[in-house]
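Read off the chains here:
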Amino acid sequence: MCHLVYIPQDIEKEGKSYLVEKGYKIKVGSDLSQEILMEEIKGCDAVLTRSTAVINKEVIQAAENLKVIAKYGVGLDNIDIEAATERGIYVTNTPEANANSVAEHVMALILSLSKNLSLADKELRSGNFAIRNQLFGMDLEGKTLGIIGLGRIGRILAKKASKGFDMKVIGYDPYVTASTNSELEIATDLERVFRNSDVISLHLPLTKTTKGIIGSREFSWMKPSSFFVNASRGGVVKESDLVNALQAGEIAGAGIDVFEVEPPDKWNPLFKLENVIVSPHNAALTKEGSTRMAVHAAMQVEQVLTGTKPNWAVNEPLIKGVSM
Ligand SMILES: NC(=O)c1ccc[n+]([C@@H]2O[C@H](COP(=O)([O-])OP(=O)(O)OC[C@H]3O[C@@H](n4cnc5c(N)ncnc54)[C@H](O)[C@@H]3O)[C@@H](O)[C@H]2O)c1
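Residues numbered from 1 in each chain as written. Predicted model: local features only at pLDDT ≥ 70, side-chain atom pairs only at ≥ 80, totals over all residues. Heavy atoms only, no water.

(A) Inspection of the domain arrangement of the protein chain at higher detail. You can read the domains of the protein chain as domain 1 (4–97 + 287–305) and domain 2 (99–278). Here the C-alpha centre of domain 2 lies 31 Å away from the C-alpha centre of domain 1. When domain 1 packs against domain 2, close to 540 Å² is buried across both sides, 39% of that on carbon and sulfur atoms. Taking the shortest distance from any N to any O, the salt bridge between Asp77 and Arg233 comes out at 2.9 Å. Counting the contacts that link domain 1 with domain 2 gives two residue pairs in polar contact (both at pLDDT 80 or more). (Domains from an automatic or database assignment. Buried area = accessible area lost by both parts, 1.4 Å probe. Salt bridge = Lys/Arg side-chain N within 4 Å of Asp/Glu carboxyl O. Polar contact = N/O pair within 3.5 Å; in protein donor to acceptor, adjacent residues only side chain to side chain.)

In structure tokens:
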């Protein structure tokens, strides 16, 4: 029997070849509106999705044959896991594919902010070589990096910052109480991390409990010389509070890869601020990272459709209604 795999948003050829070589048919989507998703998912056995397609309850209900929703990436905020679980559908992700790529991107944002690279580049291109005597960067050596969320990305970042840049690292994660890494101090409250860090970097998931948890109170705890970096999910931060903190000089700058609304409006006030560097939610999208995400997600599809428990299942589907 030939299974049909729906890929709403195209992925790297390696992921598609993996499936085609194993005899699956693939259908690449034409549009990410709910209406089209509901139409195109009909009759498919698996969906392999990136983060822009919203696989909500209605979309899941339209897919009478669906057995697995394989996420290309880690964040699961675009998938209704509860609805999938109730319908007996596995949800998987690719935790081993992109953590290093994101941690490297975060280091690039931190380096860019601390060395004023974005502004120096712009000024020099407009003929202002003298800017070299006005823009003083900050050394990272001996400074403190505060990491919120000590999962895979947070821990890799801690290692890179401490071992590669001689930074002190302090982390906060409600589910982590002890550190196995002597360079990483664990704080028991968020305030201590925000008050004592020269750079704050977020690495927690967007869930009902983390939505908007970082706002004006947290920015007021930061030092005026400190930088804020977010490559987790935009929805964790109240973006207007971040803009206010930057405009008021409460913090020195920000490196932002993810936005409250994606794609962000071109008039987003963050884009007008010189002390902000932005990237288009592409921290994980290196050639290596995106190929791994495509292949790992395809492997999860194959495992479920051949009756094996997938390596990276994030739910335990209730087997009712849909035959596995
Ligand atoms: N920008 C990108 O391209 C990109 C790529 C990959 C992942 N991400 C985002 O980064 C997030 C982290 O990825 P990961 O692979 O490290 O995930 P992970 O699941 O390994 O780690 C997340 C950590 O956050 C912690 N956490 C949960 N609630 C928290 C809270 N209130 N305060 C502090 N910590 C909390 C968890 O205990 C866990 O240790 C993902 O959920 C995803 O949304 C973004």
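(B) Representation of the pattern of salt bridges. A full pass over the atoms with the stated rule returns 13 salt bridges. Between Asp45 and Lys67 there is a salt bridge, with the nearest N and O atoms lying 3.0 Å from each other. Of this pair, Asp45 sits in the loop between α2 (34–40) and β3 (46–49) while Lys67 sits in the loop between α3 (57–61) and β4 (68–71), and the two are 22 residues apart along the sequence. In terms of burial, Asp45 and Lys67 fall into one category: buried. Taking the shortest distance from any N to any O, the salt bridge between Lys115 and Asp139 comes out at 3.9 Å. Taken as a pair, Lys115 in the loop between α5 (99–114) and α6 (117–125) and Asp139 in the loop between α6 and β6 (144–148) lie far apart in primary sequence, 24 residues in all. Given the relative accessible area of 34%, Lys115 is considered partly exposed. (Helix = DSSP H or I, 4+ residues; strand = E, 2+ residues; numbered from the N terminus. Buried < 20%, exposed > 50% of the residue type's maximum accessible area, 1.4 Å probe, protein only.)

(C) A look at the packing of aromatic side chains. Counting across every chain of the model gives three aromatic pairs. With a centroid separation of 5.0 Å and 80 degrees between ring planes, the pair formed by Phe219 and Phe228 is classed as edge-to-face. The class of Phe219 is buried, set by a relative accessible area of 0%. If you follow Lys22 out to its NZ or CZ, it ends over the ring of Tyr18, 4.3 Å from the centre. Its guanidinium or amino end placed over the ring of Tyr6, Lys27 lies 5.9 Å from that ring's centre, counting from NZ or CZ. (Phe/Tyr/Trp six-rings, centres within 6.5 Å; stacked < 30°, edge-to-face > 60°. Lys NZ or Arg CZ within 6 Å of the ring centre and 35° of its normal.)

(D) Quick peek at the sheet that holds β3. Ordered by their spatial adjacency, five strands build an open sheet running β2-β1-β3-β4-β5, and the pairing between neighbours is parallel. Strands at the two margins of the open sheet, each flanked by one partner only, are β2 (25–28) and β5 (90–92). Between one strand axis and the next, the sheet turns by 20 degrees as a mean value, whatever way the strands run. Bridging between β4 and β5 involves three bridges; their strand directions are parallel. Along β5, the bridge assignment pairs Ile69 with Val91. Along the sheet, helix α1 (residues 13–21) contacts β1 (4–7), β2 and β3; its crossing angle with β2, the most-contacted strand, is approximately 145 degrees. Packed onto the sheet, helix α11 (residues 287–305) meets β1, β3, β4 and β5 and runs at close to 165 degrees relative to β4. (Pairing = 2+ DSSP bridges. Axes fitted to C-alpha atoms, helices over the stretch in contact; angles between N-to-C directions. Contact = heavy atoms within 4.5 Å.)

(E) Just empty space enclosed by the protein, in detail. One pass over the full model with this rule turns up one cavity of 30 Å³ or more. Volume-wise, the largest cavity comes out at about 50 Å³. Lining of the largest cavity is provided by Phe228, Asn230, Gly234, Val237, Glu239, Leu242, Ile256, Val258, Phe259 and Leu270. Counting residues per element, the ones that place at least two in the lining of the largest cavity are β10 (227–230) and α10 (239–247). Each residue belonging to the lining of the largest cavity can be placed in one class, and the counts come to seven nonpolar, two polar and one charged. (1 Å grid on protein atoms, 1.4 Å probe; cavity = no way out; pocket = protein on both sides within 12 Å on 5 of 7 lines; lining within 4 Å. Points joined across faces, edges and corners; volume = space filled by probe spheres on them. Nonpolar A, V, L, I, M, F, W, Y, C, P; charged D, E, K, R; others polar.)

(F) Representation of the site of the ligand within the structure. In the neighbourhood of the ligand, 27 residues make up the surrounding shell, with Arg152, Ile153, Asp173, Tyr175 and Asp257 lying closest. Within the contact set of the ligand, an oxygen atom lies 3.4 Å away from a side-chain nitrogen or oxygen of Arg233. Relative to its unbound accessible area of 860 Å², the ligand is 86% covered by the protein chains. In terms of residue class, the shell around the ligand is built from 15 nonpolar, eight polar and four charged. (Near = heavy atom within 4 Å. Areas by Shrake-Rupley, 256 points an atom, 1.4 Å probe, with all protein chains shown as cover.)

(G) How the structure looks around the pairing of strand β9 (residues 199–202). Side-chain alternation along β9 places Val199 and Ser201 on one buried face and Ile200 and Leu202 on a second face that is also buried. By the bridge criterion, four bridges tie β6 to β9 in an arrangement that is parallel. Residue pairing for β9: Gly146 is matched across the bridge by Ile200. Note that β9 and β10 share four bridges and pair parallel. Across the sheet, Ile200 pairs through a bridge with Phe228, a residue of β10.

(H) Just the packing of α1 against α11, in detail. Interaxial distance between α1 and α11 falls to 7 Å at its minimum, and their mutual angle equals 25 degrees. As the angle between them shows, α1 and α11 are arranged roughly parallel. For the pair α1 and α11, the sense of crossing is right-handed. Across the interface between the two elements, Glu14, Gly15, Tyr18 and Leu19 of α1 pack against Thr291, Ala294, Val295, Ala298, Met299, Val301 and Glu302 of α11. (Parallel < 35°, antiparallel > 145°, perpendicular 65-115°, else oblique. Left-handed = near helix turned anticlockwise from the far one by under 90°.)

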